[in-house]
Amino acid sequence: MTDLSAFPITRKWPAQHPDRIQLYSLPTPNGVKVSIMLEETGLPYEPHRVAFDTQDQMSPEFLSLNPNNKIPAILDPDGPGGKPLPLFESGAILIYLAEKSGKFIPRDPAGRYQAMQWVMFQMGGIGPMFGQVGFFHKFAGKDYEDKRPRDRYVAESRRLLGVLDRHLEGKAWILGDDYGIADIATFPWVRNLVGFYGAGELVGFADFANVKRVLDAFVARPAVQRGLQIPAAPGA
């Protein structure tokens, strides 16, 4: 049996199946990227819920795996060379799992770089900008009298949606006919923007028919539906 005792995170979240990938996460737009990818690939894994309400992400055990105190993070007992690999940052984890499984990333070098290009587009643009819209529309920022910060992020989110919408014209997925990590990175954030944040009308989501079309196809996938609920809430 694989021994993960050298990793302090396993003291707070003991591994019942130490031979499986250990996932430390929460069903946020970044968190579900990895649970969806694991469900899509079929790689064996064990999920652990990192509860924000009890500040689990600030615990010494979690910080030992991700010093940036953000979910998701994984610990793969069978990493490169057969050695355990701890890894954080959702985009890096998606690329790693794609390469490990041989799925959801093109095999040819040009295609691989195009996939990573769109993952970076999400990581550097869609995630941060949509997140700011959420802060100023749903959370504490909604009470600010000065709406200029909100409007700036709304305008930038619309611009990013326009980039994505034009790119998706005539395509089933971001890379064309093949579903992959670029879609898994991007569409949880689109879903969150119009769903949980309730900002669809604010950003004029109805103007982006291609994005809506592909979002609908994304959320219809059985693995996506499962991954959106992982890790499950206590008692679920």
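Residues numbered from 1 in each chain as written. Predicted model: local features only at pLDDT ≥ 70, side-chain atom pairs only at ≥ 80, totals over all residues. Heavy atoms only, no water.

Under the annotation held in an unreviewed UniProt entry, the protein chain carries the name Glutathione S-transferase N-terminal domain-containing protein and is attributed to Pigmentiphaga daeguensis.

Participant: Would you mind showing me how to read the pattern of salt bridges here?
Facilitator: Oppositely charged side chains may form a pair once their charged atoms are brought near each other. Applying the stated criterion across every chain yields a total of ten salt bridges. In this structure, the salt-bridge partner of Arg148 is Asp146, at a minimum N-O distance of 2.8 Å. Using a relative accessible area of 63% as the deciding quantity, one classes Arg148 as exposed. We classify Asp146 as partly exposed; its relative accessible area is 34%. (Salt bridge = Lys/Arg side-chain N within 4 Å of Asp/Glu carboxyl O. Buried < 20%, exposed > 50% of the residue type's maximum accessible area, 1.4 Å probe, protein only.)

Participant: Which parts of the structure should I look at to understand the UniProt feature "domain: GST N-terminal" (unreviewed entry) in the protein chain?
Facilitator: Here, the residues flagged by UniProt with the feature "domain: GST N-terminal" (unreviewed entry) are residues 18-105. From the first C-alpha to the last, residues 18-105 spans 27 Å; its make-up is 35% helix and 20% strand. (UniProt positions renumbered as here; feature names shortened; annotations may be inferred. Helix = DSSP H or I, 4+ residues; strand = E, 2+ residues; numbered from the N terminus.)

Participant: What should I look at first to understand the nonpolar core in this one?
Facilitator: Side chains of a nonpolar character, in soluble globular proteins, are inclined to be buried together. In terms of nonpolar packing, the biggest core is built from 58 residues, with Ile74, Leu97, Leu164, Ile181, Phe187 and Val211 touching the most fellow members. The set of elements that each furnish at least two residues to this core consists of β1 (21-25), α2 (29-41), α4 (90-101), α5 (109-137), α6 (148-168), α7 (181-194) and α9 (209-219). Top element by residues in this core is α5. It accounts for ten residues. Setting aside chain neighbours within four positions, we find Phe187 in contact with Leu164, Leu168, Ile174, Val211, Val214, Leu215 and Phe218. (Core = buried A, V, L, I, M, F, W, Y, C linked by side-chain atoms within 4.5 Å. Contact = heavy atoms within 4.5 Å.)

Participant: Got a minute to help me understand α5 in this structure?
Facilitator: Residues three or four positions apart in an α-helix share a direction because the helix packs 3.6 residues into each turn. Spanning 29 residues, α5 covers 41 Å between terminal C-alpha atoms, matching the ideal 42 Å at 1.5 Å per step. Helix geometry: α5 is bent most strongly at Gln122, by close to 35 degrees. (Expected span 1.5 Å × (residues − 1). Bend = angle between axes of the 7 residues up to and from the residue.)

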